[in-house]
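Read off the chains here:
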Amino acid sequence: MDGKKLEYKGEAALKELEKLTMTAGEVQEDILKEILRRNGETEYLKMYMEGSRDVLDYKRRVPVTNYKTILPYIQRIANGQPHSLITSHPITEMLCSSGTSGGEPKMMPSIAEDLDRRTFIYNLIMPIMNQYVPGLDEGKAMFLYFVKAEMSTPCGLPARTVLTSYYKSKHFKCRSHDPFNDFTSPDQAILCPDTTQSMYCQLLSALLHRHRVLRLGAVFASAFLRAISFLQRNWPHLCADIRRGHLNPSITNPELRSCMASISPDPGLAGEIEAVCGRPSWKGILCRLWPRAKYIEAVVTGSMSQYVPALEYYSAGRLPLVCTMYASSECYFGVNLRPLCEPGEVAFTLLPNMGYFEFLPLGENGTLVMEVEDEEDADEEVDREKLVDLVHVRLGCYYELVITTFAGLYRYRIGDVLQVTGFHNKAPQFRFICRRNVVLSIDTDKTNEEDLHKSITTAKKLLEPYNSLLVEYTSYADTSSMPGHYVLYWEIIHCNNLAVNTTAAVKTLQVDSKVFQECCAAVEEGLDYVYRRCRAHDKSIGPLEIRVVEAGTFETLMDFFISQAGGSINQYKTPRCIKSSTALKLLNGNVKACFFSPRDPTWIPLQDPFN
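Residues numbered from 1 in each chain as written. Predicted model: local features only at pLDDT ≥ 70, side-chain atom pairs only at ≥ 80, totals over all residues. Heavy atoms only, no water.

This part takes up the packing of aromatic side chains. A full pass over the atoms with the stated rule returns 23 aromatic pairs. Put simply, the rings of Tyr-122, Phe-143, Tyr-145, Tyr-166, Tyr-167, Phe-172, Phe-183 and Tyr-332 touch in pairs and so form one group of aromatic residues. A cation sits over an aromatic face here: Arg-118 above Tyr-332, 6.0 Å from the ring centre. When the ring centre of Tyr-473 is taken as origin, the NZ or CZ atom of Arg-576, which lies over that ring, is 4.2 Å away. (Phe/Tyr/Trp six-rings, centres within 6.5 Å; stacked < 30°, edge-to-face > 60°. Lys NZ or Arg CZ within 6 Å of the ring centre and 35° of its normal.)

Moving on: the sheet that holds strand S22 (residues 591–596). Strand order across the open sheet formed by four strands is S19-S20-S21-S22, with mixed pairing between neighbours. At either margin of the open sheet sits one strand with a lone partner, and together these are strand S19 (468–478) and S22. Between one strand and the next, the sheet's axes are offset by a mean angle of 25°, whatever the strand orientation. Bridge analysis of S19 against strand S20 (residues 485–494) gives ten bridges, and the strand direction is antiparallel. Within S20, the position partnered with Asp-478 by the bridge is His-485. Set on the sheet, helix H16 (residues 449–459) makes contact with S19 and S20; between it and S19 the angle comes to about 140°. (Pairing = 2+ DSSP bridges. Helix = DSSP H or I, 4+ residues; strand = E, 2+ residues; numbered from the N terminus. Axes fitted to C-alpha atoms, helices over the stretch in contact; angles between N-to-C directions. Contact = heavy atoms within 4.5 Å.)

The next point concerns helix H18 (residues 529–538). Most of H18 sits inside the fold, with eight of its ten residues counted as buried. Of all the residues in H18, the buried ones are Tyr-529, Val-530, Tyr-531, Arg-532, Arg-533, Cys-534, Arg-535 and Asp-538. Measuring from the backbone nitrogen of Val-530 back to the side-chain oxygen at the start of H18 gives 3.2 Å, which picks out Asp-528 as the cap. (Buried < 20%, exposed > 50% of the residue type's maximum accessible area, 1.4 Å probe, protein only. Polar contact = N/O pair within 3.5 Å; in protein donor to acceptor, adjacent residues only side chain to side chain.)

On the basis of which strands lie adjacent, the open sheet formed by four strands has the order S3-S6-S7-S8 and parallel pairing. The strands lining the two open edges of the sheet, one partner per strand, are strand S3 (140–144) and strand S8 (321–322). Two strands pair when backbone bridges link them, and S3 and strand S6 (residues 213–220) are joined in this way by five bridges, in the parallel orientation. Considered in S6, the bridge of Met-142 is made with Leu-216. On top of the sheet, helix H11 (residues 221–244) reaches S3, S6 and strand S7 (295–299); it is set at about 120° to S6, its chief contact.

Trp-290 and Trp-490 are the most contacted members of the largest nonpolar core, which has 175 residues in total. Considering each element in turn, this core owes the most residues, twelve residues, to H11. With residues near it in sequence (within four places) discarded, Trp-290 still touches Met-142, Ala-206, Leu-207, Arg-210, Val-213, Leu-216 and Leu-231. (Core = buried A, V, L, I, M, F, W, Y, C linked by side-chain atoms within 4.5 Å.)

The subject of this paragraph is the pattern of salt bridges. Under the criterion given, the structure shown has 32 salt bridges. Asp-57 is the partner of Arg-61 in a salt bridge, and the nearest nitrogen-oxygen pair spans 3.9 Å. In this pair, Arg-61 and Asp-57 both sit in helix H4 (residues 55–61), four residues apart, roughly one turn of the helix. In this structure, Arg-411 and Glu-358 form a salt bridge, with 2.6 Å as the shortest nitrogen-oxygen distance. Residue Arg-411 is found in the loop between strand S14 (398–404) and strand S15 (412–424), and its partner Glu-358 is found in strand S12 (residues 356–363); the two are separated by 53 residues along the sequence. (Salt bridge = Lys/Arg side-chain N within 4 Å of Asp/Glu carboxyl O.)

We now examine the packing of helix H10 (residues 195–208) against H11. In contact at an axis separation of 9 Å, H10 and H11 are set at 65° when each is read in the N-to-C sense. On the basis of the axis angle, H10 is roughly perpendicular to H11. In the packing of H10 onto H11, the handedness of the crossing is right-handed. For the pair formed by H10 and H11, the contact residues are Thr-195, Thr-196, Met-199, Tyr-200, Leu-203, Leu-204, Leu-207 and Leu-208 on the first element and Arg-226, Ala-227, Phe-230, Leu-231, His-237, Leu-238, Asp-241 and Ile-242 on the second. Residues of the contact of H10 with H11, tallied by class, amount to eleven nonpolar, three polar and two charged. (Parallel < 35°, antiparallel > 145°, perpendicular 65-115°, else oblique. Left-handed = near helix turned anticlockwise from the far one by under 90°. Nonpolar A, V, L, I, M, F, W, Y, C, P; charged D, E, K, R; others polar.)

Where H11 meets helix H13 (residues 267–277), the axes come as close as 8 Å, and the angle between the chain directions of the two elements is 165°. Here H13 runs roughly antiparallel to H11, going by the angle between their axes. Every pair of crossing elements has a handedness; the one defined by H11 and H13 is left-handed. Here H11 contributes Trp-235, Cys-239, Ile-242 and Arg-243 to the contact with H13, which in turn contributes Pro-267, Leu-269, Ala-270, Gly-271, Ile-273, Glu-274 and Cys-277. Grouping the constituent residues of the contact of H11 with H13 by class yields eight nonpolar, one polar and two charged.

Any link to function would need more than the numbers given here.
Next up, the structure:
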């Protein structure tokens, strides 16, 4: 496609964006009417609507739902029952979301036209970026994309992540040439299921094109930093490949060897890269390796914000961090119309044609955000009359996002907490605050407080034979090195130190370091499927660490938080995850011993996640 056609295509996309946001309320009304028209005869809607297609009836009668509510329908469809249980459209695949508290990934129904909606948002990204960063069609993009292994439902539907679905679709594989989206990575490398071999070849390709790269990135900030860590370990091998013009024999995938077969020996380029990578400090390494790069694109909101300092270190603060879109397995939502803003100011404009959006109010100040109901609370307790439409949200207020889709989700609680920061025309803009009830996250893992508590409750029993008790704990997601890892702070007391009404105290037994290592392993075994996959298979999370602190540390921590918040001892609850740098300094200043998990947790790929 030539430049003029692409420019026209970009202008048309931006005009469509303006039209949608100017008429956001009307578009939303039409979307809901169309969903009800198409899906009104489904078993689920007939149960509540009794044949009505009226929008007001929908809002009065249909309850707010969560995954626990819709899971029986998904299981029935996965086992071969008709899609008409929830949608009039054939379900083409199940999309794997994050793990549930039960430990398995959620499976979200998807229909063919969902790919069109995702592609619509992808096609908006470059026209928006081109308004702020000109000349992006004059070079290449070093975007590191990866697929994950697929599963299959009992009736044969593919079950995979939303990104794997897109990369394997004709929308991606059969895309026309676009100079605005000219990637350094060959499609064969992106589609290779072996992450290590894929990473190696994608980085090799990026180095071969180092003087043409204008953009750097990955989907998540954590994945991009993993690539930097991989490069630190493997740059001598990559340079050797470039110097000789031969791919390392450790790359055995035949499609990768075929697509990389055209490497020509280039000792000069190899020498340039060696000179850059061989420096003692890697501060600013990205700008030296890819000197024409203009920005880094990755998700840096929510739990990914913890990686911003590392990204700024490797770019020496010279490359803007760009977060372009907001999406999930359930639905794609919107785009960032100010892509060069600071990471902490990122806001997404929700596009009203993606699905039907409602919002559950959470209060008007941030202190209420963390007090919303657990996902497993009964949905009938949620007053559906309190739900707010897209165009009626209020500036500054906090909400939980609730969606209705063509694929069969009805008033479904996404679990994302958002704050309204402004409006573009009549479409509100939201800042992503957090996932409801998630306390720890390093990569795609989302560990909630309940699962953390359960796993620690099991692990602490290993201390009982030594007359030792875990009296208090908290946690922290340590991303100071790659891969990041969970850190638990434990305060231990021994039974003979307790005030007892006996004349003789119980003898204290020394807790061997191996016992604490086994406690680490037991905690990991108790965490969910996604965490264990990230640890054992993806290697995107490092071994869990327990830091044992001095007696009295958590009393000092309580004093600190009470002094900061102005509360009372009666109101204080120990935070199960620490965000404050001052509180972390306090905890780390009282650490007397550190222990790491000695092995990977058990992880077995799910062959049949529905039974």
